[in-house]
Amino acid sequence: MSDKVVLTGIKPTGIPHLGNYVGALKPLIEMSQTHRTFVFIADLHALNTIHNPDEISANTYAAAAVLVAAGLNLKNAVLFRQSDITPVYELATLLMNVTPKGLMNRAHSYKAMMDKNTANGLDIDAGVNMGLYTYPILMAADILLYKSDIVPVGADQKQHVEFARDIAGYFNNLYGNVFRLPEPVIGRDTGLIPGLDGRKMSKSYDNTISLFAPEGELKKKIMRIITDSKTPEEVKDPDTSTIFQLYTHFASAAEIDEFRQMFLAGGMGYGTAKNRLFDKINSVLSGPRAEYERLMANRGELDDILSDGAARARAVADDTIARVKRAMLGH
Ligand code: TRP
């Protein structure tokens, strides 16, 4: 067991696709086998864009069920709802006072909004609420509250983790060594996981396979993977094949090697290769898929997991917020 604390937040945006699973969820679940891990559903971070409580609530349950069904180790991992822990709102307010406004102006996500507004001839701050503008401060509060060392995130979130580190540094300079300095760990680039058309798997390309697609849909999607037009007899290149690339993320080393040889030997049609890919993914995911469906039909069980996680998270959060208040307010 490592003595480093891992933390990450997952926005409640529905069931992930295979690219999200391979790039982010699977590595996180592996880390939870060996590290004390805080994983929360970042429902407060959804508020700047989603103004429908039913949507946030349903997506929060779905995100929690995905993590549990996919094998998060609940002995080492504390799974909770971000909004259940009151000290995070407190810490975000307190951190405002050591965070330069200029740092927020430089946030990629805010800059992207300003650029879009400028391109559309709108006021630069059109559609920007303070939830979006101060998003990195709330994220710093998440990261610092639970004394995290390692923060696994996608490349798009790296700057936010660096901001958390900067904010911790400003705070410690003024008030003494209260915060641990976190490190971002960038997950495998999901660009490596191809979608049905061979481009990176992404919602914006409409080429995804949902992690828990029912068997029939999974099969249909896999049969739609675009290939070149080689005949069954011809030798095929595994390294440029979407079928082979997807296979490598689900099969054992021996199985991957065997499949590679089948591509190189010729005599295997793409239909056969797709069937083999389907059988593999389906056998790996059918257990987790059934568990996901069971949990979604048993909300009470998810509530118990989330309230147990909240109690464990609160113990750490209460300690941090007491130290911060003492340092800043003298009581
Ligand atoms: N902002 C992250 C995202 O959009 C989610 C998140 C919220 C997060 N708080 C966090 C990630 C703290 C890591 C650490 O994906």
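Predicted model, so just to flag it, every value in this text is computed and none were measured.

*Asks:* Which parts of the structure should I look at to understand the site of the ligand?
*Replies:* Neighbouring residues of the ligand: 14 residues in total, closest Lys 11, His 45, Tyr 135, Asp 142 and Gln 157. Here a nitrogen atom of the ligand sits 2.7 Å away from a polar atom, N or O, in the side chain of Tyr 135. Within the complex, the protein chains bury 90% of what would otherwise be the 360 Å² of accessible surface of the ligand.

*Asks:* Please clarify how the environment of Phe 259 should be interpreted in this entry.
*Replies:* Position of Phe 259 among the secondary structure elements: in helix α12 (residues 253-265). As a C-alpha pair, Phe 259 and Ser 148 span 111 residues in sequence and 41 Å in three-dimensional space. Those residues within four positions of Phe 259 in sequence are excluded, and the remaining contacts are Ile 243, Phe 244, Tyr 247, Met 268, Ala 273 and Arg 276.

*Asks:* Help me understand helix α14 (residues 299-329) in this model?
*Replies:* For an α-helix, the turn length of 3.6 residues means that residues three or four places apart are oriented alike. The largest bend in α14 amounts to roughly 25° and is located at Arg 314. Residues Leu 302, Ile 305, Leu 306, Gly 309, Ala 310, Ala 313, Val 316, Ala 317, Thr 320, Ile 321, Val 324 and Met 328 constitute the buried set of α14. Remark: Gly 330 follows α14 within two positions and exhibits a positive phi of approximately 75°.

*Asks:* When you look at the packing of aromatic side chains in this model, what are you seeing that I'm missing?
*Replies:* The description of an aromatic ring pair uses the distance of the two centres, along with the angle that the planes make with each other. Within the structure shown, the criterion is met by 12 aromatic pairs. Relative to Tyr 133, the ring of Tyr 110 lies with its centre 4.8 Å away and its plane at 75°, an arrangement referred to as edge-to-face. Placement of the pair is Tyr 110 in helix α6 (residues 108-119) and Tyr 133 in helix α7 (residues 130-133), with a sequence separation of 23 residues. When sorted by exposure, Tyr 110 lands in the same class as Tyr 133, which is buried.

*Asks:* I would appreciate a short explanation of the environment of Phe 263 in the present structure.
*Replies:* Along the chain, Phe 263 falls in helix α12. When its relative accessible area of 1% is taken as the criterion, Phe 263 is described as buried. Along the primary structure Phe 263 and Phe 244 are separated by 19 residues, whereas in three dimensions their C-alpha atoms are 8.6 Å apart. Discounting chain neighbours no more than four positions away, the residues touching Phe 263 are Val 235, Lys 236, Asp 237, Pro 238, Ser 241, Phe 244, Met 268, Tyr 270 and Ala 273.

*Asks:* How should I be thinking about helix α9 (residues 158-175) in this particular structure?
*Replies:* Along its 18 residues, α9 runs 26 Å from first to last C-alpha, staying within 8% of the 26 Å computed at 1.5 Å per residue. Of all the residues in α9, the buried ones are Gln 159, His 160, Val 161, Phe 163, Ala 164, Ile 167, Ala 168, Phe 171 and Asn 172.

*Asks:* What exactly am I supposed to notice about the pattern of salt bridges here?
*Replies:* Close approach of charged atoms allows side chains with opposite charge to pair. This structure, assessed with the given rule, holds 15 salt bridges. In this structure, the salt-bridge partner of Lys 158 is Glu 162, at a minimum N-O distance of 3.2 Å. Residue Lys 158 and its partner Glu 162 are both found in helix α9; the two are separated by 4 residues, about one turn of the helix. Of the residues examined, Glu 162 reaches a relative accessible area of 32% and is grouped as partly exposed.

*Asks:* Help me out: how do you make sense of the packing of helix α10 (residues 215-223) against helix α13 (residues 270-296) in this one?
*Replies:* Between two packed helices, the angle of one axis relative to the other and the distance separating the axes together describe the packing. Look at α10 against α13: their axes get within 10 Å of each other, and the N-to-C directions meet at 150°. As the angle between them shows, α10 and α13 are arranged roughly antiparallel. Considering only the axes of α10 and α13, their crossing is right-handed. Here α10 contributes Glu 215, Leu 218, Lys 219, Ile 222 and Met 223 to the contact with α13, which in turn contributes Lys 274, Asn 275, Leu 277, Phe 278, Ile 281, Asn 282 and Arg 289. Broken down by class, the residue content of the contact of α10 with α13 amounts to 6 nonpolar, 2 polar and 4 charged.

*Asks:* Teacher, can you tell me more about the side chain of Ser 202 here?
*Replies:* Counting through the fold element by element, Ser 202 comes out in the loop between β5 (183-186) and α10. By relative accessible area, which is 12% here, Ser 202 ends up buried. A distance of 2.8 Å separates a polar atom in the side chain of Ser 202 from a polar atom in the side chain of Ser 204.

*Asks:* Looking at this structure, I do not really get the pairing of strand β3 (residues 77-81). What am I missing?
*Replies:* The side chains of a regular strand alternate, residue by residue, between the two faces of the sheet. Within β3, 5 of the 5 residues are buried, which leaves the element mostly enclosed by the surrounding structure. Across the two faces of β3 the burial is the same, with Ala 77, Leu 79 and Arg 81 and Val 78 and Phe 80 all buried.

*Asks:* What am I meant to see in the domain arrangement of the protein chain here?
*Replies:* Frequently, the measure chosen for interface size is the accessible area removed from exposure when the parts meet. Taken domain by domain, the protein chain comprises domain 1 (5-192 + 299-329) and domain 2 (203-291). In this structure, domain 1 and domain 2 have C-alpha centres spaced 34 Å apart. Across the boundary between the two partners, domain 1 contributes 12 residues, which contact 12 residues of domain 2. Taken over both partners, the interface formed by domain 1 and domain 2 buries close to 1200 Å², and the fraction arising from carbon and sulfur atoms is 71%. Summed over the shared surface of domain 1 and domain 2, the result is 3 residue pairs in polar contact (both at pLDDT 80 or more). Examining the composition of the side of domain 1 that touches domain 2, we find that 5 residues originate from one element, helix α1 (residues 18-31), more than from any other. Grouping the amino acids of the side of domain 1 that touches domain 2 by side-chain chemistry returns 8 nonpolar, 2 polar and 2 charged.

Cut-offs used in this document
Residues numbered from 1 in each chain as written. Predicted model: local features only at pLDDT ≥ 70, side-chain atom pairs only at ≥ 80, totals over all residues. Heavy atoms only, no water. Near = heavy atom within 4 Å. Polar contact = N/O pair within 3.5 Å; in protein donor to acceptor, adjacent residues only side chain to side chain. Areas by Shrake-Rupley, 256 points an atom, 1.4 Å probe, with all protein chains shown as cover. Helix = DSSP H or I, 4+ residues; strand = E, 2+ residues; numbered from the N terminus. Contact = heavy atoms within 4.5 Å. Bend = angle between axes of the 7 residues up to and from the residue. Buried < 20%, exposed > 50% of the residue type's maximum accessible area, 1.4 Å probe, protein only. Phe/Tyr/Trp six-rings, centres within 6.5 Å; stacked < 30°, edge-to-face > 60°. Expected span 1.5 Å × (residues − 1). Salt bridge = Lys/Arg side-chain N within 4 Å of Asp/Glu carboxyl O. Axes fitted to C-alpha atoms, helices over the stretch in contact; angles between N-to-C directions. Parallel < 35°, antiparallel > 145°, perpendicular 65-115°, else oblique. Left-handed = near helix turned anticlockwise from the far one by under 90°. Nonpolar A, V, L, I, M, F, W, Y, C, P; charged D, E, K, R; others polar. Domains from an automatic or database assignment. Buried area = accessible area lost by both parts, 1.4 Å probe.

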